[in-house]
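An overview of the molecular structure
Below are the chains, spelled out letter by letter.
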Amino acid sequence: MPHPRRLAAILAVAIVSALAIGQPSSAARTTLGGADPSVIKVNGLYVSAKSVDGGVAVRTATTLEGIAAAPKKQVWRDTAGLGEVWAPEIVHHDGQYRIYFAAGTGAAHRMYHISSASPDSGYSAATKVALPNDKWAIDGVPFTYQGQRWFVWSGWAGDTNVEQNLYLARMSSPTTATGARYVISQPRESWERVVGNPYINEAPEPILDPNGQLHIVYSANGSWSSRYCLADLRLRSGGDPSYVWDWYKSNGCLFGSHASELMAGWDPTLYADGPGHHTFVLERGDIATSPPSGNRFPTMYHAVAKGTPYSWANRYWYTGTAVWWGSVTYRRANVPGDTANTGFGLKFFE
C-alpha cells in the first residue's frame with residue numbers, strides 16, 4: 001500500500017491538474033519592502049527575521065499576511081563593526097529560536113548565529129559559524145536529514161568573487177562543522193549564466209518531497225536582474241548529500257519571469273519580476289515537517305512588481321504558494337551516474 005503521505009501528494013497533484021489552478025488577478029505583494037524573507041511557524045505563530053537598521057529584526061503574527069504589518073523588534077545590532085548584515089534565516093531547533101545571518105564587508109562575509117528561547121527578545125551575542133576552509137559565505141541554513149545535522153550555504157571556492165557555489169557540511173553543533181565542505185551545485189548551466197560577474201547559485205532552502213527525497217531549491221542569476229529565479233536540486237533516492245553527482249538539477253528555473261530561462265512546461269510570472277530568495281513556511285523551519293499538508297503550501301519570496309524599474313530598492317516580500325508536481329524528469333549529460341532522474345518537482349504560483 002502506498003505511504004499515506006505519498007498517496008495524498010499524488011491525489012493533490014491530480015486535483016491541482018484537474019482544477020487547472022491558475023494565476024491570481026495579481027501577485028500577493030506585502031507592504032514590507034526589502035529582500036530575503038525568512039518565515040517559520042511555531043505553535044500557530046508566524047515568525048520572521050529580516051536584516052534592518054544595522055542588525056536583525058523579528059516580526060510575529062497570527063497569519064502569514066499579518067507579518068508585514070506586525071511591529072518589528074530589533075533582536076541584534078552590529079555593535080562590533082562586522083559590516084553589512086545579509087539574509088537572516090530563522091529556525092526553531094533544539095527548543096531555541098536560532099537566527100543565522102551573513103555579516104562582513106567585501107570578501108570578509110561569514111556566517112553568524114544568535115539564539116534565544118523567545119522569538120523576539122533575549123538573543124545571545126553573535127557567534128561565528130565555524131565552516132570548513134573559512135571562505136566567504138552567505139545564506140546559510142541548518143537542517144537535519146536522516147539523523148545527521150547539515151549546513152548548506154552559498155560561497156566562494158577561493159578568496160575572489162568568481163562565482164557563488166552551493167556547499168554542504170556536516171555539523172556537530174549549531175555553530176560548528178565537522179569534516180570537509182562539499183560542493184553540490186555550481187552555476188554552469190546556460191540558463192543560470194544569463195546574468196553574471198559573478199555567476200550565482202545562492203539562497204538554498206532544503207525541503208523533503210512526498211517521497212522523502214531531499215530537495216534544495218535555490219536562486220540563480222544575479223539578484224540585481226529580473227532574470228533572478230528559483231531552481232531545484234533533487235537528491236536521488238538513497239543518495240549521499242555530500243556527493244555532487246547524487247544531485248540532479250532542474251533543466252531550467254521553476255519560478256521566474258522570463259520564459260527563456262524556465263524549464264519546459266513551466267510558465268513565467270505575470271505580475272512579479274525576478275522572484276527569488278524564497279522561504280518555505282515550515283513548522284519550526286524543520287524539514288521533518290515537510291511537505292506541509294494540503295495540495296498547496298505557503299511560500300514567501302522577494303520580487304519587483306512588473307512595470308516597476310528593477311532595482312534592489314524596489315524589492316518587496318510576496319506571499320505565494322507551491323505545489324508538488326509528480327513525475328518530473330531532470331536530465332544531464334557527460335557526468336558520472338544516471339543521466340536522468342524522475343521524481344517530484346515544484347510548481348510555484350504568485
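The following paragraphs examine the structure supplied in this document. Predicted model, so just to flag it, every value in this text is computed and none were measured. (Residues numbered from 1 in each chain as written. Predicted model: local features only at pLDDT ≥ 70, side-chain atom pairs only at ≥ 80, totals over all residues. Heavy atoms only, no water.)

1. A closer look at the overall build of the protein chain
Rule in force here: Secondary structure elements follow DSSP: runs of H or I of four or more residues count as helices, runs of E of two or more count as strands, with numbering from the N terminus. When a residue's accessible area, from a 1.4 Å probe over protein chains only, is under 20% of the maximum for its type it is buried; when over 50% it is exposed; and in between it is partly exposed. Should any heavy atoms of two residues lie within 4.5 Å, those residues are counted as being in contact. Working definition of accessibility: Shrake-Rupley area with a 1.4 Å probe, residue cover restricted to the visible protein chains.
Secondary structure summary: the protein chain contains 1 helix and 21 strands in total. C-alpha extents for the protein chain along the principal axes are approximately 55 × 45 × 45 Å. When each of the 350 residues of the protein chain is scored for burial, the buried share is 56%. Expressed as a percentage of contacts within the protein chain between residues at least 6 apart in sequence, the contacts between residues at least 24 apart total 53%. Of the roughly 13,700 Å² of accessible surface on the protein chain, 51% is carried by carbon and sulfur atoms.

2. Notes on the environment of Ala-177
Inspection of the secondary structure puts Ala-177 in strand S13 (residues 176-185). Residue classification places Ala-177 among the buried residues on the basis of a relative accessible area of 18%. Expressed as a C-alpha distance, the spacing of Ala-177 and Val-152, which sit 25 residues apart in the sequence, is 11 Å.

3. Examining the state of the cysteines
Disulfides are covalent bonds that connect the sulfur atoms of two cysteines. To be explicit about the condition: Two cysteine sulfurs form a disulfide in these notes if their separation is within 2.5 Å.
Evaluated as defined, the whole model comprises 1 disulfide. Each sulfur of the disulfide joining Cys-229 and Cys-253 lies 2.0 Å from the other. Here Cys-229 is found in strand S16 (residues 229-235), whereas its partner Cys-253 is found in the loop between strand S17 (247-249) and strand S18 (272-280), with 24 residues between them in sequence. In this structure Cys-229 comes out as buried when scored by relative accessible area, which is 2%. Since its relative accessible area comes to 0%, Cys-253 is described here as buried.

4. Some details on the sheet that holds strand S4 (residues 55-61)
Condition: Paired strands, in this sense, are two strands between which DSSP finds at least two bridges. Axes, fitted as lines to C-alpha atoms, cover a helix only where it is in contact. Angles between the N-to-C directions of the axes lie from 0 to 180 degrees.
One open sheet accounts for 4 strands, arranged S2-S3-S4-S5; its pairing is antiparallel. The two strands at the open ends of the sheet, each matched to only one other strand, are strand S2 (38-42) and strand S5 (73-77). Averaged over all pairs of adjacent strands, the angle between their axes in this sheet comes to 25 degrees, without regard to strand direction. Here strand S3 (residues 45-52) pairs with S4 via 7 bridges, running antiparallel. Within S4, the residue paired with Val-52 across the bridge is Gly-55.

5. Details of the side chain of His-277
Filter applied, for reference: Distance and chemistry together define a polar contact, namely a pair of N or O atoms within 3.5 Å, with one atom able to donate a hydrogen and the other to accept it when in protein, and with adjacent residues in sequence counting only for side-chain atoms on both sides.
Tracing the sequence through the fold places His-277 in strand S18. A polar contact of 3.0 Å, which involves the side chain of His-277, links it to the side chain of Asp-36. In contact with His-277, not counting residues within four places along its chain, are Asp-36, Pro-37, Ala-87, Asp-139, Ala-203, Ser-219, Tyr-228, Leu-230, Met-300, Tyr-301 and His-302.

6. A look at the packing of aromatic side chains
Rule in force here: Any two of the Phe, Tyr and Trp rings considered here, Trp counted by its six-membered ring, make a pair once their centres fall within 6.5 Å; the pair's planes then place it as stacked at under 30 degrees, edge-to-face at over 60, or tilted in between. Working rule: Lys NZ or Arg CZ, within 6 Å of ring centre, within 35 degrees of ring normal, means a charge sits over the ring.
Applying the stated criterion to the full structure yields 13 aromatic pairs. Measuring from centroid to centroid gives 4.6 Å for Trp-76 and Phe-101, while their planes differ by 40 degrees, and the two rings are tilted. Of this pair, Trp-76 sits in strand S5 while Phe-101 sits in strand S7 (residues 96-104); the two residues are 25 residues apart in sequence, bridging distant segments of the chain. Ring centres of Trp-136 and Trp-156 lie 4.6 Å apart, and the angle between their planes is 10 degrees; this geometry places the pair in the stacked category. With a gap of 20 residues between them, Trp-136 in the loop between strand S9 (127-128) and strand S10 (137-145) and Trp-156 in the loop between strand S11 (148-155) and strand S12 (163-173) connect regions that are remote in the sequence. Classification of Trp-156 by relative accessible area gives buried; the value is 5%. Taken together, the ring pairs connect Phe-255, Phe-280, Phe-297, Tyr-301, Tyr-318, Trp-324, Phe-344 and Phe-348 into an aromatic cluster. Above the ring of Tyr-316, the side-chain terminus of Arg-29 is found at 3.8 Å from the ring centroid. The lysine or arginine in question, Arg-193, covers the ring of Tyr-199, its NZ or CZ lying 3.8 Å from the ring centre.

7. Things to note about the side chain of Ser-225
Looking at the secondary structure, you find Ser-225 in the loop between strand S15 (214-220) and S16. On the accessibility criterion, Ser-225 (12% relative accessible area) is buried. Among the polar contacts listed, one links the side chain of Ser-225 to the backbone nitrogen of Arg-227, at a separation of 2.9 Å. For Ser-225, the residues in contact, after removing those within four places along its chain, are Val-195, Gly-274 and Tyr-310.

8. Quick notes on the nonpolar core
Here is the rule: By nonpolar core we mean a set of buried residues, namely Ala, Val, Leu, Ile, Met, Phe, Trp, Tyr and Cys, connected to one another through side-chain atoms within 4.5 Å.
Counting residues in hydrophobic clusters, the biggest one holds 46 residues, and the most contacted among them are Phe-143, Ile-184, Leu-214, Trp-247, Phe-280, Leu-346 and Phe-348. Ignoring anything within four residues of it in the chain, the contact list for Phe-143 reads Gln-148, Arg-149, Trp-150, Val-152, Leu-168, Pro-206, Leu-214 and Ile-287. Residues Ala-49, Val-58, Ile-99 and Tyr-112 belong to the second largest nonpolar core, which totals 17 residues.

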